[in-house]
Amino acid sequence: MVEPANTVGIPLNHAALLRDELDIVIPTIRNLDFLEMWRPFLQPYHLIIVQDGDPSKTIAVPEGFDYELYNRNDINRILGPKASCISFKDSACRCFGYMVSKKKYIFTIDDDCFVAKDPSGKAVNALEQHIKNLLCPSSPLFFNTLYDPYREGADFVRGYPFSLREGVSTAVSHGLWLNIPDYDAPTQLVKPKERNTRYVDAVMTIPKGTLFPMCGMNLAFDRELIGPAMYFGLMGDGQPIGRYDDMWAGWCVKVICDHLGLGVKTGLPYIYHSKASNPFVNLKKEYKGIFWQEDIIPFFQSAKLSKEAVTVQQCYIELSKMVKEKLSAIDPYFDKLADAMVTWIEAWDELNPATKA
């Protein structure tokens, strides 16, 4: 039986890596008691809390954490009419935190994610591993069978081209989960008691041209390299689909990373995912997406960006036009989503004029 780690007695990490260059973004509808477990690892960092749901509700944050909190009223005040691009009653609202951050790096985590234990029983500092992933190159152009060649104790295997060993900058670090896996509703229904107990000590670069289902509950990225593409779409209240927010962002991000020559890593670190969501509620949210993804994924697999698209914003606007042109026939929702993608970039550039394309 896999259990979360006990972090009581672990000293606060005063020498925390990148403490002045990284924000932690947490979407929530509840008090953040879970941060007590994370205190040794996360307290040195600044938190951006995006409160979903009723803005009149008070969210309690444990003492000692440095944070700013935004609710729906704040989002509407800051973005004005452009607030329409930020989802309501869905964890997709977290991307507002990406937009208002002024730091180079982002780590985002859900409030039902606890500290995991490695096979030796040691508490896993997930953020520290994400930072290591982001600060090391990726190798998307040629697969290394010994996983990440830049990790201590590993290297490039025989036959790996020397001309490619320098690698490329890493834009995204995608972590995994012990206990409750990130399954879709049909899989949850047929495997209600399945738990992930396997801790695989590996990090790998996702090859160029290969998509992946990105999960937003344990994720870090270089905001300066890929931030404008980390839009979690229109989900939740008033939308015909949910639980595809992070995956939509992941598909967009991967196409853009491949075009711009950036890398995406997956594997370590693990968190302990404590709570299984209701599969019947999930099925209602996912129902249309389960059918639509059979067209969405081939769309992204065949998407080609122009040579003129040299910034993330330019790439994302091109993608939005493709979405409107090729996916709107599936459902009018995609026409609305394409417009929201443009609004997102406009809002991003207003709040981040230094990064404007």
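- Per an unreviewed UniProt entry, the protein chain goes by the name UDP-arabinopyranose mutase and belongs to Brassica carinata.
- The Catalytic activity (unreviewed entry) comment attached to the protein chain in UniProt states, word for word, "UDP-beta-L-arabinofuranose = UDP-beta-L-arabinopyranose".
- Regarding the protein chain, the relevant UniProt record gives this comment under Sequence similarities (unreviewed entry): "Belongs to the RGP family."

## Looking at the packing of aromatic side chains
Then, number 1: Going through the model one piece at a time under the given rule, you end up with 18 aromatic pairs.
Then, number 2: Consider the rings of Trp251 and Phe300, whose centres lie 5.9 Å apart with planes at 40 degrees: the pair is tilted. Residue Trp251 is found in helix α7 (residues 245-260), and its partner Phe300 is found in helix α8 (residues 279-302); the two are separated by 49 residues along the sequence.
Then, number 3: Measuring from centroid to centroid gives 5.8 Å for Trp292 and Tyr333, while their planes differ by 15 degrees, and the two rings are stacked. You can see Trp292 sitting in helix α8 and its partner Tyr333 sitting in helix α10 (residues 333-351), a full 41 residues away along the chain. Here the two residues Trp292 and Tyr333 agree in accessibility, since each one is buried.
Then, number 4: Following the ring pairs from residue to residue traces out a cluster consisting of Trp248, Trp251, Trp292, Phe299, Phe300, Tyr333 and Phe334.
Then, number 5: One residue, Arg165, lies across the ring of Phe162, its end atom 3.7 Å from the ring centre.

## Brief notes about the pairing of strand β8 (residues 218-222)
Then, number 1: Summarising burial for β8: five of the five residues are buried, a large majority.
Then, number 2: Every second residue of β8 is oriented toward a common face, with Asn218, Ala220 and Asp222 on one face and Leu219 and Phe221 on the other, all of them buried.
Then, number 3: Alignment of strand β4 (residues 105-109) against β8, held across five bridges, turns out to be antiparallel. Looking across to β8, one finds that Phe107 is bridged to Ala220.
Then, number 4: As judged from the three bridges shared by strand β6 (residues 170-179) and β8, these two strands associate in the antiparallel manner. Opposite His174, over in β8, you have Leu219 as the bridge partner.

## A short note on the UniProt feature "site: Required for activity" (unreviewed entry) in the protein chain
Then, number 1: According to UniProt, the positions carrying the feature "site: Required for activity" (unreviewed entry) are Arg158 and Arg165.
Then, number 2: For Arg158, a relative accessible area of 84% gives the class exposed.
Then, number 3: For Arg165, the position within the fold is in the loop between α4 (126-135) and β6.

## With respect to the layout of surface pockets
A water-sized probe, rolled over the atoms, reveals where empty space remains.
Then, number 1: Here the largest pocket defines a volume of roughly 1200 Å³.
Then, number 2: Surrounding the largest pocket, 46 residues form its lining, Ser91, Asp110, Arg243, Ser277 and Asn282 being those nearest its centre.
Then, number 3: Sort the elements by how many residues they give to the lining of the largest pocket and α8 lands first, with six residues.
Then, number 4: Class assignment of the residues belonging to the lining of the largest pocket gives a composition of 19 nonpolar, eleven polar and 16 charged.
Then, number 5: For the second largest pocket, the calculated volume is near 490 Å³.

## Describing the environment of Met1
Then, number 1: With respect to the helices, strands and loops of the structure, Met1 is situated in the segment before β1 (22-28).
Then, number 2: Once the C-alpha coordinates of Met1 and Arg195 are considered, the two residues, 194 residues apart in sequence, prove to be 8.8 Å apart.

## Side note on the packing of α7 against helix α9 (residues 312-326)
Then, number 1: Here α7 crosses α9 at 125 degrees, and the two axes come no closer than 10 Å. With respect to each other, α7 and α9 are oriented oblique. The two elements α7 and α9 cross, and the hand of that crossing is right-handed. On α9, the residues that touch Trp248, Cys252, Ile256, His259 and Leu260 of α7 are Val312, Cys315, Tyr316, Leu319 and Val323.
Then, number 2: Partitioned by chemical class, the residues of the contact of α7 with α9 number nine nonpolar, one polar and no charged.

The rules we used
Residues numbered from 1 in each chain as written. Predicted model: local features only at pLDDT ≥ 70, side-chain atom pairs only at ≥ 80, totals over all residues. Heavy atoms only, no water. UniProt positions renumbered as here; feature names shortened; annotations may be inferred. Phe/Tyr/Trp six-rings, centres within 6.5 Å; stacked < 30°, edge-to-face > 60°. Helix = DSSP H or I, 4+ residues; strand = E, 2+ residues; numbered from the N terminus. Buried < 20%, exposed > 50% of the residue type's maximum accessible area, 1.4 Å probe, protein only. Lys NZ or Arg CZ within 6 Å of the ring centre and 35° of its normal. Pairing = 2+ DSSP bridges. 1 Å grid on protein atoms, 1.4 Å probe; cavity = no way out; pocket = protein on both sides within 12 Å on 5 of 7 lines; lining within 4 Å. Points joined across faces, edges and corners; volume = space filled by probe spheres on them. Nonpolar A, V, L, I, M, F, W, Y, C, P; charged D, E, K, R; others polar. Axes fitted to C-alpha atoms, helices over the stretch in contact; angles between N-to-C directions. Parallel < 35°, antiparallel > 145°, perpendicular 65-115°, else oblique. Left-handed = near helix turned anticlockwise from the far one by under 90°. Contact = heavy atoms within 4.5 Å.

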